[in-house]
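Examination of the molecular architecture
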Amino acid sequence: MATLLNDNRQPILSARGLRKRFDGVVALDSLDIDIEDGITGVVGPNGAGKTTLFDVLSGFSRPDSGTVLLCGRRVNGWPPHRLARQHPGITRSFQEIRLFEELSVLDNVLVARKFSGGTTVWGIMRRLTIRRELRKELNEVLKILRLLELADLQQRRAHELSYGQRKLLELGRCLAAESRLTLLDEPFAGVNPHMIELICRALTKARDGSQKAFLLVDHNRRAMESVCDRILRMEQGRVVGAVTGGQAHVA
Amino acid sequence: MDLHTVEMINSAGIWAILALSLNVIVGYAGIASIGHAAFYAIGAYSSAIMCVRLGAPPWLGMAVGCVLAAGLGALISIPSLRLRDDYLMLTTLGFGEIVYLTCRNWESLTNGPRGIGGIPTLRVLSVPVTEMGLMPWLIWGCVFTLAGLLWALEHSPFGRQMMAVRDNEIAAMSLGVRPILYKLTAMVVGAMAASFAGSLLAHKLSFIDSEAGFGLSTSVMVFAMVILGGRGSIMGVVAGAILLSAVPEVLRRFGLPLATAAPLRQIIFGILLVAIVVFRPQGLFGKLKFRE
């Protein structure tokens, strides 16, 4: 198991012995991982199990065995919506961008906000009151949209956006969700240098300002090295090593 | 206005309630349902049986219909979690047929094709609601009330999350939205409103039988109204309901013999639908344009 930082803080997420196989292909092979505060990168060749790891951690796929602790709490087998909704929650983005295509940019981000009341009958009644939460939520969400240079497009529908803007919007949605840990699957893929810079700035700002931790998978080494606090390397379903520090060179 | 025109206005209103109720299911929650007439039938038969057989007041019949429809709607929303659009359509189609065939064949309860007569006229503050008198006001009052409620739903955070589930269920889950809650709500609300439309129909006609339009053709017609007007658009589906329900009446005004008018009507529906799907897939007033 890779030791990441030397202090004794409890990791945000800690997984032990994760196994997952698909028809004889071992995607995760007794994987151990500790994710601490800050931005953690995961690199590795295709088929190393990075996306499977994301699916398992975010609840979209059940591990065959192993445990996942989120802030010390066992969360194995929780469905994704429960993982995302509970307090130190987990949100994720997807390799293939998944937006609410018919909703406006603003609404896309607002969906990610948690509303008071939960899922009780009373909670639903409260959420039915027309956009009462809006003013409070709006400021928060607009801040994120401005950061990602999407504020001028807030009334556009998601399907009208360009590829890069869609990528940014998906990130914005994750930033708006108040989850402790955010998993980003290839946030830099196919994005131009200016937008990469925007993404990096948004990530560091969220890390420093709102206590969010990130786990990133990407193949863009330069971007990963500039934004990640530490980088882990995965091979054949295991974490095989760690490199600490901003100028990390990926072995 | 003559009786024909008023009848046309009234029946357009009932179609509008049906189309609005299906719009919650198809337009907001994205559940492809072509069994909507089932809920309509449940409302009509609940009112008829409660009032005629048990002597219950009309509001009780309506309430029983709404509760039954809500229960069955909730049941149908469960497969909608697991099934893809095409399979879900088959499921709802089957559900619609089951309810229709039950109405036709459970003769001890429904009288089947012989029908139930003597359904009492509705009364509002002891004023009877007659076809030429209060009926259009009552029906269209209900249309506008329902439209207002749906507008509120559409613009609430709850409605936004419902539409998020429609657009991308997986992304919605990743953000903490639990799909079943929204699909179930949509199904229950849609079923109740359709059942209410059925109750109105029963009291309006005072006689219903299993062939009064509770079969697949009604389900498809309502679905066509939603698609023609524009799924997700309140104004659109009301316009779709008025337009499509007016076609037979307009043909009748031209004085065509029934033997010509009936097939011509089908041809016109077909052409309208193909034209909409080809030239304006979002419907006349709809905004939902995106298709994967």
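How each quantity is defined
- Residues numbered from 1 in each chain as written.
- Chains lettered and ligands numbered in written order.
- Predicted model: local features only at pLDDT ≥ 70, side-chain atom pairs only at ≥ 80, totals over all residues.
- Heavy atoms only, no water.
- Helix = DSSP H or I, 4+ residues; strand = E, 2+ residues; numbered from the N terminus.
- Expected span 1.5 Å × (residues − 1).
- Buried < 20%, exposed > 50% of the residue type's maximum accessible area, 1.4 Å probe, protein only.
- Arc of directions from axis to C-beta.
- Contact = heavy atoms within 4.5 Å.
- Buried area = accessible area lost by both parts, 1.4 Å probe.
- Salt bridge = Lys/Arg side-chain N within 4 Å of Asp/Glu carboxyl O.
- Nonpolar A, V, L, I, M, F, W, Y, C, P; charged D, E, K, R; others polar.
- Core = buried A, V, L, I, M, F, W, Y, C linked by side-chain atoms within 4.5 Å.
- pLDDT = per-residue confidence, 0-100.
- 1 Å grid on protein atoms, 1.4 Å probe; cavity = no way out; pocket = protein on both sides within 12 Å on 5 of 7 lines; lining within 4 Å.
- Points joined across faces, edges and corners; volume = space filled by probe spheres on them.
- Axes fitted to C-alpha atoms, helices over the stretch in contact; angles between N-to-C directions.
- Left-handed = near helix turned anticlockwise from the far one by under 90°.
- Pairing = 2+ DSSP bridges.

Overview of helix α7 (residues 135-154) of chain B
Residue and element names in this part refer to chain B. With 20 residues, α7 extends 28 Å from end C-alpha to end C-alpha; this agrees with the ideal 28 Å at 1.5 Å per step. Residues of α7 that are buried: M135, P136, I139, W140, C142, V143, L146, A147, L150, L153 and E154. Projected onto a plane normal to the axis of α7, the buried residues spread over an arc of 145° and lie on a single side. Residues W137, F144 and L149 are exposed on α7 and point more than 90 degrees away from its buried face.

With respect to the interface of chain B and chain A
Taken together, the 32 residues of chain B in the interface contact 34 residues of chain A. Summed over both partners, the interface of chain B with chain A comes to about 2,900 Å²; 67% of that surface belongs to carbon and sulfur atoms. One salt bridge connects D107 of chain A with R160 of chain B, and the closest N-O pair in it is separated by 3.4 Å. Looking at the side of chain B that touches chain A, the elements that each hand over two or more residues are α7, α8 (157-167), α9 (169-174) and α10 (179-205) of chain B. Take the side of chain B that touches chain A: its biggest share by element is eight residues, from α8 of chain B. A per-class count over the side of chain B that touches chain A returns 18 nonpolar, six polar and eight charged.

Comments concerning the nonpolar core
In terms of nonpolar packing, the biggest core is built from 130 residues, with L145, F188, L203 and L216 of chain A together with L20 of chain B touching the most fellow members. In terms of residue count, helix α1 (residues 3-28) of chain B provides more of this core than any other element does, 13 residues in total. For L145 of chain A, the residues in contact, after removing those within four places along its chain, are V105, L106, V109, L150, A151 and Q154 of chain A. Counting 28 residues, the second largest nonpolar core, distinct from the first, contains L31, I33, V68 and L232 of chain A.

With respect to the confidence of the model for chain B
The pLDDT averaged across chain B works out to 87; a share of 98% of its residues lies at or above 70. Here the predicted complex carries an ipTM of 0.85, next to a pTM of 0.86.

Quick look at empty space enclosed by the protein
Where empty space is left can be seen by rolling a probe of water-molecule size over the atoms. All names here are of chain A. Using the criterion set out here, one finds three cavities of 30 Å³ or more in the structure. Space inside the largest cavity adds up to approximately 70 Å³. For the lining of the largest cavity, the secondary-structure elements that each account for two or more residues are α6 (163-176) and β7 (181-185). Top element by residues in the lining of the largest cavity is α6. It accounts for three residues. Grouping the amino acids of the lining of the largest cavity by side-chain chemistry returns five nonpolar, one polar and four charged.

Here's the deal with the packing of helix α3 (residues 58-77) of chain B against α10 of chain B
Residue and element names in this part refer to chain B. Following both chains from N to C, one finds α3 and α10 inclined at 145°, their axes separated by 7 Å at the closest point. The two elements α3 and α10 cross, and the hand of that crossing is right-handed. Of α10, the residues touching α3 (which contributes P58, M62, G65, C66, A69, A70, G73, A74, I76 and S77) are I180, K183, L184, M187, V188, A191, M192, S195, F196, S199, L200 and H203. Residue classes in the contact of α3 with α10 are distributed as 15 nonpolar, six polar and one charged.

Considering the pattern of salt bridges
All names here are of chain A. Here the structure, examined in full by the defined rule, presents 19 salt bridges over all chains. Between E96 and R98 there is a salt bridge, with the nearest N and O atoms lying 3.3 Å from each other. A relative accessible area of 18% places R98 in the buried class. Salt-bridge contacts for R156 lead to E160; the nearest nitrogen and oxygen are separated by 4.0 Å. When salt bridges that share partners are traced, they join R19, D29 and R238 into one network.

Here we look at helix α12 (residues 234-253) of chain B
Relative to the 28 Å expected for 20 residues at 1.5 Å per residue, α12 of chain B spans 29 Å between its end C-alpha atoms, a close match to the ideal helical length. Downstream of α12 of chain B by one or two residues, G255 of chain B has phi in the positive range, about 70°.

Points about the sheet that holds strand β5 (residues 73-74) of chain A
Residue and element names in this part refer to chain A. Strand order in the open sheet formed by four strands is β2-β1-β4-β5, with antiparallel pairing between adjacent strands. Only two strands of the sheet have a single neighbouring strand rather than two, namely β2 (25-35) and β5. As judged from the five bridges shared by strand β1 (residues 13-22) and strand β4 (residues 65-70), these two strands associate in the antiparallel manner. In the strand pairing of β4, A15 is matched with V68. In the packing of helix α1 (residues 50-57) onto the sheet, contacts are made with β1, β2 and β4, and the angle to β2 comes to roughly 65°.

A short note on the side chain of S61 of chain A
Mapping S61 of chain A onto the fold places it in the loop between α1 and β4. With near-sequence residues (within four places) excluded, S61 of chain A lies in contact with K20, D55 and V56 of chain A.

Here we look at the confidence of the model for chain A
Residues and elements named next belong to chain A. When pLDDT is averaged across chain A, the result is 83; 84% of the residues are at 70 or more. Predicted confidence for residues 1-7 stays below pLDDT 50, and this span has 16 contacts to residues more than four positions away or in other chains. Every residue in residues 116-120 scores below 50 in pLDDT, and together they form 10 contacts with partners more than four places removed in sequence or on other chains.

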